[in-house]
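# Residue-level structure breakdown
Listed below, chain by chain, are the residues.
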Amino acid sequence: MTNRSFLFFLPTKTFFGVGVTQGIGELCAQKRVMVVTTGLRRTGILNRIIREAGTPADLIVFDEIEPNPTCESVDKGGFLARVNEIEVIIALGGGSALDAAKGIACLRDEREELLDASSGIRSYLSGERAFTRRHTQLIAIPTTSGTGSEVTNVAVFSDPANRLKKSIVSPWFWNDYAYVDPELTLTVPDKHTAATGLDALVHAVESYWALSSTPFSEPIALEAIKLILDNLTQGYRNPEDRVARMNLSLGSLMAGIAFSQTRTTILHALSYPLTVDYHLEHGFACSVLLKPMLQTNAPLIPEKMARLLDYLGSPSLDALLERIEGLMQSINAPTRLSTVGVQEEELESIADQTMRSPITKLNPKSFTREELVDWLKEYR
Ligand code: NAD
């Protein structure tokens, strides 16, 4: 049953629409600015944002963030931000740039001592330390429609040497501003359109079915599910379709807002080992088991399912499952673990890692480790 006692908290001032990024000039005027980004130079997006930043006192670009940002690049960015006395960080890119910028801004402000291995992001990832402050302003400008990181207090970091991908939740990770312009997503390559769109869909679905869902999060999640289901195939097939891109950006933003209130559940917990060990794109890792998990959870939340089917105009659960299967096929997304190279003997380790994640407990179906191994065997 939906949780009737709840908090709704979203401190990020959020702008949505074509051209909204022009507003950043006011925030950057006479400030020492750092743009944290991935390889977006060739798209023209980086130049546009530098132009729109207007008249900063100084502007440096740190563009060494890789997909699934590593502890090393976040530490390096934190060091650069500190020695350059940065006052405003613009996070420009997909979730990788947005998450990295959260870590960089907090590391820049956290301590007087110089950053070293013992005070880098790894020590926060392990739980040894927790961030206690952030003065540097954070402006998020997403260029993919997927992670919702612009409106969450979550950031995900990778430590490949230790085969670890993990999230940190911190009150200092809420962005001060988010500027979501759907036009920035027009250049996203089709494979990333597919993966990021599915990431957003899974955010919305998991927020909707989460045991922590609230009367505020549910309607936002419902609309996000509809927007993404209705527009993802079109956005994938016709990348320059501005209506589809607009709806996918809105769906992703709404999904982000929904799960910022509830967190995600077991599909995201499962995605971490799949990304680290099988190098699956984050969105594919989250969605590969979406259909069977929906099938498993549905009988446990009959009222919610009835509202979902009604909202989507779907005659039955089977029709919805078929629609999801059709969508995933239309965008070449994997729907079985076996097709991405997962062997049966590896399922125990995947289950162990999944059971360690606290969000697993927010799933309607509660699994024991053994039940999860059996379930994974069935749907591999
Ligand atoms: P990404 O940021 O890794 O970007 C994927 C690729 O697309 C990169 O090569 C990037 O340069 C490129 N790209 C991005 N925008 C582009 C554009 N407009 N045109 C052309 N190329 C573009 O991908 P993502 O899926 O957005 O982010 C994934 C990361 O976000 C993962 O690390 C994941 O764990 C994390 N994540 C965070 C949250 C959160 O709440 N903080 C939620 C979900 C996922």
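Residues numbered from 1 in each chain as written. Predicted model: local features only at pLDDT ≥ 70, side-chain atom pairs only at ≥ 80, totals over all residues. Heavy atoms only, no water.

## Points about the overall build of the protein chain
To keep things clear, this is the line we draw: For the purposes of this entry, the term helix denotes a DSSP run of H or I that reaches at least four residues, the term strand denotes a run of E that reaches at least two, and both are numbered from the N terminus. The globule rule used for comparison is 2.2 Å times the number of residues to the exponent 0.38, while the radius of gyration itself is calculated over C-alpha atoms. Only heavy atoms matter for contacts: two residues are in contact if any of them lie within 4.5 Å across the pair. Here the accessible surface of atoms and residues is derived via Shrake-Rupley with a 1.4 Å probe, and residues count as covered only by protein chains that are part of the display.
In terms of helices and strands, the protein chain carries 15 helices and eight strands. A compact globule built from 380 residues should have a C-alpha radius of gyration of about 21 Å, and the protein chain, at 20 Å, falls within 12% of that. By principal-axis analysis of the C-alpha atoms, the protein chain measures approximately 60 × 45 × 40 Å. Considering only contacts in the protein chain between residues 6 or more positions apart, those separated by 24 or more positions represent 80%. Summed over its atoms, the accessible surface of the protein chain is roughly 15,500 Å², and 52% of this surface lies on carbon and sulfur atoms.

## What about unusual backbone geometry?
Excluding glycine, residues mostly carry a negative phi; peptide bonds, for their part, are mostly trans. The residue Arg 163 is not glycine, and still its phi comes out positive at about 50 degrees. With phi around 75 degrees, Arg 263 is a residue other than glycine that occupies positive phi space. Secondary-structure assignment places Arg 263 in the loop between helix H8 (242-262) and helix H9 (266-278).

## Some points on the site of the ligand
Our working definition: Any residue with at least one heavy atom within 4 Å of a molecule or strand is counted as near it. Each polar contact in these results corresponds to two N or O atoms within 3.5 Å; when the atoms are within protein, one needs to be able to donate a hydrogen and the other to accept it, and residues that are neighboring in sequence are counted only if both atoms are side-chain atoms. Note that Gly is not counted as nonpolar here; it falls among the polar residues with everything else outside the nonpolar set of Ala, Val, Leu, Ile, Met, Phe, Trp, Tyr, Cys and Pro and the charged set of Asp, Glu, Lys and Arg.
Lining the immediate environment of the ligand, one finds 30 residues, of which Gly 95, Ser 96, Thr 143, Thr 144 and Val 154 sit closest. Side-chain polar atom of Thr 143 to a nitrogen atom of the ligand: 2.7 Å apart, as the coordinates give it. Take Val 154: an N or O atom from its main chain is 2.8 Å from a nitrogen atom of the ligand. Coverage of the ligand by the protein chains reaches 92% of its 870 Å² of free accessible surface. Those elements giving two or more residues to the shell around the ligand turn out to be helix H4 (95-110), strand S6 (154-159) and helix H6 (190-209). Sort the elements by how many residues they give to the shell around the ligand and H6 lands first, with four residues. Classifying every residue of the shell around the ligand gives 11 nonpolar, 16 polar and three charged.

## Overview of the sheet that holds strand S8 (residues 177-180)
Across a sheet, strands are paired by hydrogen bonds formed along the backbone, either parallel or antiparallel in direction. Put simply, the test is: When DSSP locates at least two bridges between a pair of strands, those strands are taken to pair. Each axis is a line fitted through C-alpha atoms, and for a helix only the stretch in contact is used; angles between axes span 0 to 180 degrees, taken between their N-to-C directions.
Strands sit in the order S1-S8-S5-S4-S2-S3 across an open sheet of six strands; the sheet is parallel. Only two strands of the sheet have a single partner each, and these edge strands are strand S1 (13-16) and strand S3 (58-62). Looking at each pair of strands side by side, their axes are set apart by 15 degrees on average, direction ignored. Contacts from helix H3 (residues 71-83) reach strand S2 (32-37), S3 and strand S4 (88-93) within the one sheet, and its direction differs from that of S3 by about 170 degrees. Here H4 sits on the sheet in contact with S2, S3, S4 and strand S5 (137-142), set at roughly 160 degrees to S4.

## So, the pairing of S5
Convention followed: Per-residue accessibility, obtained with a 1.4 Å probe over protein chains only, is compared with the maximum for each type, and a residue is labelled buried under 20%, exposed over 50%, and partly exposed between these values.
Of all the six residues making up S5, five are buried; the element is thus mostly covered by neighbouring parts of the structure. Of the pairings in the sheet, the one linking S4 to S5 comprises six bridges and is parallel in character. Looking at the pairing, Gly 93 lines up with Pro 142 of S5. The pairing of S5 with S8 spans two bridges and is parallel.

## Some remarks on the pairing of S8
Residues Tyr 177 and Tyr 179 point to one face of S8 and Ala 178 and Val 180 to the other, with burial holding for every one of them. Sheet topology note: the S1/S8 ladder contains four bridges and is parallel. Directly across from Phe 15, in S8, lies its bridge partner Tyr 179.

## Brief notes about empty space enclosed by the protein
Note the following rule: Of the two site types, the cavity is a set of points on a 1 Å grid over the protein atoms alone where a 1.4 Å probe fits but cannot get out, and the pocket is an open set with protein on both sides within 12 Å along at least five of seven lines, each lined by residues with an atom within 4 Å of a point. Grid points are joined across faces, edges and corners, and a volume is the space filled by probe spheres set on the points.
In total, this model carries three cavities of 30 Å³ or more according to the counting rule given. The calculated volume of the largest cavity comes to roughly 60 Å³. Forming the boundary of the largest cavity are 15 residues, of which Pro 142, Thr 144, Ser 145, Glu 150 and Ser 252 lie nearest the centre. Listing elements by their share of the lining of the largest cavity, those giving two or more residues are H4 and H8. Here the lining of the largest cavity is built from residues that sort into three nonpolar, 10 polar and two charged.

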